[in-house]
Amino acid sequence: MPAPSLNAVDCSDLVIDRIGHGGVTRAVDGVTFSIPPGELLCVAGPTGSGKSTLVTALAGMGDSTLKVAGGRAQVCGVNIRRPGRKLRVLTALTGYVAQGAGASLPPRLTVGEVISEPVTTREKKVNTKALAIRVASLLDELHLPLGAASKFPYELSAGMRQRVAIARAFMLEPRVLIADEPLANLDLEVRPVVFDAITRRRTENDMAALLVTNDSAFIRELDAEAVMLRAGHVVARGVGRNLVWAPNAEADSQR
């Protein structure tokens, strides 16, 4: 059994299969990277490249259609291949924003209840006053009106719902943020709000972040290292525009 990694995220030759009606598809094949505490990595690539499969598995949110078939990966010291009882620990230490999270918020819960979910699903007894203050703080930080707490998701705009999903991911002050297209449906003037919220946690709390985005301007703004996936393989990595391509990968991408 491997020793717990000091990195927030550690992947070595990771292989993930998707199991469907048509059989088994290799979605992620031999991916290796690490993210130290406080650092950030962006994952980019075309549709079907394995980005969402990768981050879903790392967040411990996979279902029976996902199988870690090879290699190893640890998030906050938890082996995602066989998390066992530590899955609950993993999901507490990891803030997760799924692809399309804003559009799939629980429709029967108020916004305040949605943001509180990471606490209320874990704790039998909750200090409701402290919880309300925490929700209000997150709403304010993400430039959402305090009155939004009593509204239902369908009463908010798509961009506001996306920020609610991000607020929920921040609720437990995670050690790692794993977000799949966190900028989806966000207006340009709101993007710096999300950027600042991520940066502050990285600086003050040593939160690491793994973000799926094809927005090259956002990657440059974050001054982040990026890995490019294609057909489940890492074909390039680097910072900003300075990507170093794997042999033949850049030529293949220009065909």
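Check the entry above for the structure.
Residues numbered from 1 in each chain as written. Predicted model: local features only at pLDDT ≥ 70, side-chain atom pairs only at ≥ 80, totals over all residues. Heavy atoms only, no water.

## Here's the deal with the sheet that holds strand β11 (residues 242-245)
As summarised here, the arrangement of the 7 strands in space is β6-β7-β8-β3-β9-β10-β11, forming an open sheet in which the pairing is mixed. The sheet is open, and its two borders are formed by β6 (94-97) and β11, each paired with just one other strand. Between one strand and the next, the sheet's axes are offset by a mean angle of 20 degrees, whatever the strand orientation. The pairing of strand β10 (residues 233-239) with β11 spans 4 bridges and is classified as antiparallel. Paired with V239 across the strands is N242, a residue of β11. Contacts from helix α5 (residues 158-170) reach β6 and β7 (176-180), with the element oriented near 165 degrees to β6. (Pairing = 2+ DSSP bridges. Helix = DSSP H or I, 4+ residues; strand = E, 2+ residues; numbered from the N terminus. Axes fitted to C-alpha atoms, helices over the stretch in contact; angles between N-to-C directions. Contact = heavy atoms within 4.5 Å.)

## Quick word on the environment of A167
Its place among the elements puts A167 in helix α5. Sequence separation of A167 and A101 is 66 residues, and the distance between their C-alpha atoms is 11 Å. When residues no more than four places from it in sequence are discounted, the contact partners of A167 are I115, L138 and L142.

## Looking at the packing of aromatic side chains
Scanning all chains against the criterion turns up 1 aromatic pair. The cationic tip of R201 hangs over the ring face of F170; the distance from NZ or CZ to the ring centre is 3.9 Å. (Phe/Tyr/Trp six-rings, centres within 6.5 Å; stacked < 30°, edge-to-face > 60°. Lys NZ or Arg CZ within 6 Å of the ring centre and 35° of its normal.)

## Some words on the sheet that holds strand β5 (residues 78-79)
Taken in spatial order, the 4 strands make up an open sheet running β2-β1-β4-β5, and their pairing is antiparallel. With partners counted over all chains shown, the strands left at the sheet margins are β2 (23-35) and β5, one partner each. Relative to β2, strand β1 (residues 9-20) runs antiparallel, the two being bridged by 10 bridges. In the strand pairing of β2, D17 is matched with R26.

## Remarks on the pairing of β7
Taken across its 5 residues, β7 has 5 buried, putting it largely inside the fold. The side-chain alternation of β7 yields two buried faces, one formed by V176, I178 and D180 and the other by L177 and A179. Sheet topology note: the β6/β7 ladder contains 4 bridges and is parallel. Bridging across to β7, V97 finds its partner in A179. Here β7 runs beside strand β8 (residues 208-212); their pairing, made up of 5 bridges, is parallel. Looking at the pairing, A179 lines up with L211 of β8. In terms of handedness, the path from β7 via helix α6 (residues 191-205) over to β8 forms a crossover that is right-handed. (Buried < 20%, exposed > 50% of the residue type's maximum accessible area, 1.4 Å probe, protein only. Right-handed = clockwise from strand over helix to strand, strands pointing away.)

## Some points on the pattern of salt bridges
Evaluation of the coordinates by the stated rule reveals 10 salt bridges. Between E141 and R200 there is a salt bridge; the shortest N-O distance is 3.0 Å. With a gap of 59 residues between them, E141 in helix α4 (residues 128-141) and R200 in helix α6 connect regions that are remote in the sequence. Residue R200 is classed as partly exposed on the basis of its relative accessible area, which comes to 33%. Among the salt bridges present, the one from D215 reaches R191, with a minimum N-O distance of 2.6 Å. Of the two residues, D215 is situated in the loop between β8 and α7 (216-222) and R191 in helix α6; the sequence distance between them amounts to 24 residues. (Salt bridge = Lys/Arg side-chain N within 4 Å of Asp/Glu carboxyl O.)

## So, the state of the cysteines
For the structure on display, the rule yields 0 disulfides. You can see C11 has no disulfide; the closest cysteine sulfur is in C76, sitting 12 Å from it. C11 gets classed as buried once you look at its relative accessible area, which sits at 2%. Of the residues examined, C76 reaches a relative accessible area of 10% and is grouped as buried. (Disulfide = S-S within 2.5 Å.)

## Brief notes about the packing of helix α3 (residues 111-120) against α4
Here α3 crosses α4 at 115 degrees, and the two axes come no closer than 10 Å. Crossing angle aside, the handedness with which α3 passes α4 is right-handed. On the side of α3, the interface is formed by V111, G112, I115, S116, V119 and T120, while α4 contributes L131, V135, L138 and L139. Broken down by class, the residue content of the contact of α3 with α4 amounts to 7 nonpolar, 3 polar and no charged. (Left-handed = near helix turned anticlockwise from the far one by under 90°. Nonpolar A, V, L, I, M, F, W, Y, C, P; charged D, E, K, R; others polar.)

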